[in-house]
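A look at the structure
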Amino acid sequence: MQAAITAVLTLIEQLIPLLGLASTNATVKLIASIITTLVQFMPQIENEVSVVYQSVKNIIGALSANPDATSTQLQSLQKLDEQVDAAWNKVAPDFDPDAAA
Amino acid sequence: MKMRAIAAAALLALSLGGCAGLQKLEAVYTVATTATVPANVVIPAANAFDALKATATNFATYCIQRKFVDAVCSVSNRRTVVKFVNAGTAARVQLEASITTGQPALATVYNALLAAMDGLQATPAAQAIAEAQ
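What counts as what
- Residues numbered from 1 in each chain as written.
- Chains lettered and ligands numbered in written order.
- Predicted model: local features only at pLDDT ≥ 70, side-chain atom pairs only at ≥ 80, totals over all residues.
- Heavy atoms only, no water.
- Disulfide = S-S within 2.5 Å.
- Helix = DSSP H or I, 4+ residues; strand = E, 2+ residues; numbered from the N terminus.
- Buried < 20%, exposed > 50% of the residue type's maximum accessible area, 1.4 Å probe, protein only.
- pLDDT = per-residue confidence, 0-100.
- Core = buried A, V, L, I, M, F, W, Y, C linked by side-chain atoms within 4.5 Å.
- Contact = heavy atoms within 4.5 Å.
- Expected span 1.5 Å × (residues − 1).
- Axes fitted to C-alpha atoms, helices over the stretch in contact; angles between N-to-C directions.
- Parallel < 35°, antiparallel > 145°, perpendicular 65-115°, else oblique.
- Left-handed = near helix turned anticlockwise from the far one by under 90°.
- Nonpolar A, V, L, I, M, F, W, Y, C, P; charged D, E, K, R; others polar.
- Polar contact = N/O pair within 3.5 Å; in protein donor to acceptor, adjacent residues only side chain to side chain.
- Phe/Tyr/Trp six-rings, centres within 6.5 Å; stacked < 30°, edge-to-face > 60°.
- Lys NZ or Arg CZ within 6 Å of the ring centre and 35° of its normal.
- Salt bridge = Lys/Arg side-chain N within 4 Å of Asp/Glu carboxyl O.

Residues and elements named next belong to chain B. Taken as a whole, this structure holds 1 disulfide over all chains when the rule is applied. Across the disulfide, C63 is cross-linked to C73 (sulfur-sulfur distance 2.1 Å). Measuring handedness by torsion sign, the sulfur bridge of C63 and C73 sits at about -80° and is left-handed. Of the two residues, C63 sits in helix α3 (residues 39–65) while C73 sits in the loop between α3 and α4 (75–100), which places them 10 residues apart along the sequence. Residue C63 is classed as buried on the basis of its relative accessible area of 0%.

Attention shifts here to the confidence of the model for chain A. If pLDDT is low for a region, its predicted coordinates should not be looked at in detail. On average, residues of chain A score 76 in pLDDT, and 71% of them reach the 70 mark or higher. By mean pLDDT, the top-scoring element of chain A is helix α4 (residues 70–95) of chain A (89), and the lowest-scoring one is helix α1 (residues 2–19) of chain A (70).

With that out of the way, let us pick up the nonpolar core. One finds L38(A) and W88(A) to be the most contacted residues of the largest nonpolar core, which totals 58 residues. Taken together, the elements giving at least two residues each to this core come down to α1, α2 (25–45), α3 (50–63) and α4 of chain A together with α3, α4 and α5 (107–122) of chain B. Not counting the four nearest positions on each side in its chain, L38(A) is found in contact with V8(A), L11(A), I12(A), V56(A) and I60(A).

Residues and elements named next belong to chain B. Taking 1.5 Å as the rise per residue, α3 with 27 residues should run 39 Å; its terminal C-alpha atoms sit 39 Å apart, in good agreement. For α3, the tally of buried residues reaches 21 of 27 residues, placing the bulk of the element in the interior. Within two residues after α3, K67 carries a phi angle of roughly 60°, on the positive side.

Let us look at the packing of α4(B) against α5(B). Residue and element names in this part refer to chain B. Where α4 meets α5, the closest approach of the two axes is 8 Å, and the angle between their N-to-C directions is 150°. Put simply, α4 runs roughly antiparallel to α5. In the packing of α4 onto α5, the handedness of the crossing is left-handed. Facing V81, F84, V85, A87, G88, A91, R92, Q94 and L95 of α4, the residues of α5 in contact are V109, Y110, A112, L113, A115, A116, G119 and L120. For the contact of α4 with α5, a count of residues per class yields 13 nonpolar, 3 polar and 1 charged.

Next up on the list: the side chain of D85(A). Looking at where D85(A) falls in the secondary structure, it is placed in helix α4. D85(A) sits in the buried class, given a relative accessible area of 17%. In this structure the side chain of D85(A) is engaged in a polar contact, spanning 2.6 Å, whose partner is the side chain of R92(B). Excluding residues that lie within four positions of it along the chain, D85(A) makes contacts with K53(B), T89(B) and R92(B).

One pass over the full model with this rule turns up 2 aromatic pairs over all chains. Ring geometry for W88(A) versus F95(A): centroids 6.0 Å apart, planes at 70°, classification edge-to-face. Considered together, W88(A) and F95(A) belong to a single accessibility category, that of buried residues. Taking the centre distance of 5.8 Å and the plane angle of 80° together, the rings of F95(A) and F59(B) count as edge-to-face. One end of the pair, F95(A), is in helix α4; the other, F59(B), is in helix α3, on a second chain. Each member of the pair, F95(A) as well as F59(B), is classed as buried. By the ring-pair criterion, three or more aromatic residues cluster together here, those being W88(A), F95(A) and F59(B). R78(B) extends its terminal NZ or CZ atom over the ring of F68(B), reaching a point 4.0 Å from the ring centre.

Right, let's talk about the pattern of salt bridges for a bit. Counted by the stated rule, this structure contains 7 salt bridges over all chains. A salt bridge links R92(B) to D81(A), with the shortest nitrogen-to-oxygen separation between them at 3.4 Å. Highlighted residues: R92(B) in helix α4 and D81(A) in helix α4, drawn from two different chains. Across the salt bridge formed by R66(B) and D70(B), the nearest N and O atoms sit 2.9 Å from each other. Using a relative accessible area of 18% as the deciding quantity, one classes D70(B) as buried. Overlapping salt bridges, with partners in common, bring together D81(A), D85(A), D50(B), K53(B), R92(B) and E96(B) in one network.

Right, here's the structure in full:
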């Protein structure tokens, strides 16, 4: 399971630099290729790490041929932010070696 | 075993898709050379950061449950993870605030988000959990 998530995150990191490039055919094809692979991964991670699943789902939604309006994408992102931030804030005090006692 | 096969297939698919240029791009993750970055670039990047932050949380949980006995849970590694999580979160918050208020998202802040993501990817968090399974 973790190997699949690691592969997904690697794909995401490879995708990010492409987003700001000019929309050449090569770039569009490469993004589409990465998105297709991410979609294939979705069933493997859906029941395992829901946050990663939602993150990938949001990315696919944002980059698909008919993306949702920015406001909808932002709402999905903010909902994910709340979940992710709450989970981190719960463990941070014990994990951070410099946290106040 | 099935997951590793799928992961390998995915990476192979990428390489077959013309990876020579991609490898060059991998080394240059700070994209923004303009002063501002559009929302359709910021939003996927922020989502990607959230995924990485989730893996950092998993790593933290692992270390806490193991009472930090593993070398990978060293003080140094934990400080590194905390640093990039905090930096990335601050950048993400600032970028989203820009989009929400209709202000331009600054490229400097976007690049800071990418730097945090790259920093988290370089930590042993994900690999440590994979090896512990």
